[in-house]
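This is what each chain is made of:
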Amino acid sequence: MTAIPRIAVFGGTGFLGRAVASRLTGSGMAVRIVARHADSAAGENPSGLVEYRAADIRDEAAVSAALRDADGVVNAVSLYVERPGGPSFEAIHVEGAGRLAALAGQTGVGSLVHISGIGADEASASPYVRARARGERRVRSAFPGAVILRPSVLFGPGDTFLRSLEMITRRLPVVPLFGRGGTRLQPVYVEDMAAGIERALQSPEARGRTFELGGAGIHTYREIIAMVLDHLHRRRLLVPVPFAAWHLLATLASILPGPPLTRDQVILMESDNVVGHGMSGFSDLGITAHAMAPLLGICLDART
Ligand SMILES: NC(=O)c1ccc[n+]([C@@H]2O[C@H](COP(=O)([O-])OP(=O)(O)OC[C@H]3O[C@@H](n4cnc5c(N)ncnc54)[C@H](OP(=O)(O)O)[C@@H]3O)[C@@H](O)[C@H]2O)c1
C-alpha cells in the first residue's frame, strides 16, 4: 500500500490556509495544520486526515517538530500590520520564512510552496512589501527548489477584500476611492489558489520557479466597487480622494491599536497589482482561473 503524503500547512487556520487544507484532504492527502493557535482551532475531522499543531514560525524547535515526517510544506503565514510589542514583518516574512525553508531542507521535506504576493519589491517604499521580497530571496537560497507563488488579492466566502467593500458600501453614504480608483487588480478566487498550491507541491516542472497568479479578469478598483454595488442593489457616489490624503489618514490611524488602514496598504494601492509581463502563471500550472463577477453571490450574499 502506498503511504499517504503528509503536508504541513503553516498558516493553515487562515483564509487561504483553510482552503488549502480542505483541497489537499479532498485529494486524499494528510494535512498537518500549523499555527500559533492551532489547538484552539481544532475542529471537525471526519476524514481523519487532519491534525493540528501549535507552533510559532519564530520558534525553531516548534517549527522543526511541526515538520517531522512531512513530505511537503506550504507557508501561508501572514502578517499585514505591525503592532507595538507584536511580531515584525522582518520576523515573520524574512526570518520566519527563511527558518521554515532551511529546516524543511534539513529535514528532507520533498517540496516547499512559499506564498508571497504580486509586487514584492526590495526597493518599495513599503516595509511590508520590502520584507516580502527579502523573504522570497531568503527562501530561495535556503531551499532552491521552493515554488514561490505570488497572488494578486484573494477573494472567496469569508475573505477580507469583498467583506470590507461590502461593509464600506453599507455604512457610508459615499465611497472614497484610492486616487481616482484607477489602480488595476486581478482578484484570485481562493479555490483556484488552493488548486495552484496543490499543483505546485506535486509538479516537478514547478520546482525552483516563481509564479504570479491572477484571476480571469483585470479590473480597476472603481470597477470592482461598481460590481459590488450593482450586485447588492446599492447606489453610492464614488468620490476620488488623493493619495496624499490617504497617507495622512494612515499616519493618523497608526496610533490606534487596530488601525483600519495602514501606510503599507496605501502604498500597495498606488501601483497596479496584476500579473507581470512574461511571468509564469495559472496556465503554466494547468489551471484555468475563475472570474470574480459570477462568484460575487457566494462571496457576498451570506453576509448581507
Ligand atoms: N488574503 C489576500 O488577499 C492575499 C493576497 C496576496 C497574498 N496573500 C498571502 O497569502 C498568505 C495567507 O494570507 P491569508 O490572507 O490567508 O492570511 P490570514 O487569514 O491572516 O491567516 C494567517 C495565518 O497565519 C498564522 N500565523 C500568523 N502568525 C503566525 C506565526 N507567528 N507563526 C505561525 N503561524 C502564524 C495564523 O494563525 P495564528 O494567528 O493562530 O498563528 C493564520 O493561520 C500570506 O502570505 C499573505 O501575505 C494573501
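First things first, this report covers the structure right here in the doc. (Residues numbered from 1 in each chain as written. Predicted model: local features only at pLDDT ≥ 70, side-chain atom pairs only at ≥ 80, totals over all residues. Heavy atoms only, no water.)

Moving on to helix H5 (residues 127-142). Taking 1.5 Å per residue, 16 residues should reach 22 Å; H5 reaches 22 Å between its end C-alpha atoms and fits that length. All of the buried residues in H5 are Tyr128, Val129, Ala131, Arg132, Ala133, Gly135, Glu136 and Val139. Those residues of H5 that are buried are in contact with helix H4 (89-106), strand E5 (111-115), strand E6 (147-151) and helix H10 (263-269). Capping the start of H5 is the job of one residue whose side-chain oxygen sits 3.2 Å from the backbone nitrogen of tyrosine 128: serine 126. (Helix = DSSP H or I, 4+ residues; strand = E, 2+ residues; numbered from the N terminus. Expected span 1.5 Å × (residues − 1). Buried < 20%, exposed > 50% of the residue type's maximum accessible area, 1.4 Å probe, protein only. Contact = heavy atoms within 4.5 Å. Polar contact = N/O pair within 3.5 Å; in protein donor to acceptor, adjacent residues only side chain to side chain.)

A separate point is the sheet that holds E5. One open sheet holds the seven strands; their spatial order is E3-E2-E1-E4-E5-E6-E11, and the pairing between them is parallel. With one partner strand each, in any of the chains shown, strand E3 (50-54) and strand E11 (210-213) form the two edges of the open sheet. Looking at each pair of strands side by side, their axes are set apart by 20° on average, direction ignored. Pairing of strand E1 (residues 6-10) with strand E4 (residues 72-75) involves four bridges; the strand directions are parallel. When the bridges of E4 are listed, valine 9 appears paired with valine 74. (Pairing = 2+ DSSP bridges. Axes fitted to C-alpha atoms, helices over the stretch in contact; angles between N-to-C directions.)

With the rule as written, the count across this model stands at twelve salt bridges. Notably, a salt bridge pairs glutamate 51 with arginine 6, separated by 3.4 Å at the nearest N-O pair. Of this pair, glutamate 51 sits in strand E3 while arginine 6 sits in strand E1; the two residues are 45 residues apart in sequence, bridging distant segments of the chain. The class of glutamate 51 is partly exposed, set by a relative accessible area of 26%. Put simply, aspartate 56 and arginine 58 hold a salt bridge, and the shortest N to O gap is 2.7 Å. Residue classification places aspartate 56 among the buried residues on the basis of a relative accessible area of 18%. Each of Arg6, Arg32, Glu51 and Arg53 takes part in salt bridges that share partners, so that together they form one network. (Salt bridge = Lys/Arg side-chain N within 4 Å of Asp/Glu carboxyl O.)

Among all residues save glycine, negative phi is the norm, and among peptide bonds the norm is trans. The backbone of aspartate 69 sits at a positive phi, close to 65°, despite the residue not being glycine. Relative to the elements of secondary structure, aspartate 69 occurs in the loop between helix H3 (60-66) and E4. Judged by its relative accessible area of 58%, aspartate 69 falls in the exposed class. A positive phi is found at histidine 233, a non-glycine position, where the angle reads about 55°. Mapping histidine 233 onto the fold places it in the loop between helix H8 (221-232) and strand E13 (237-241).

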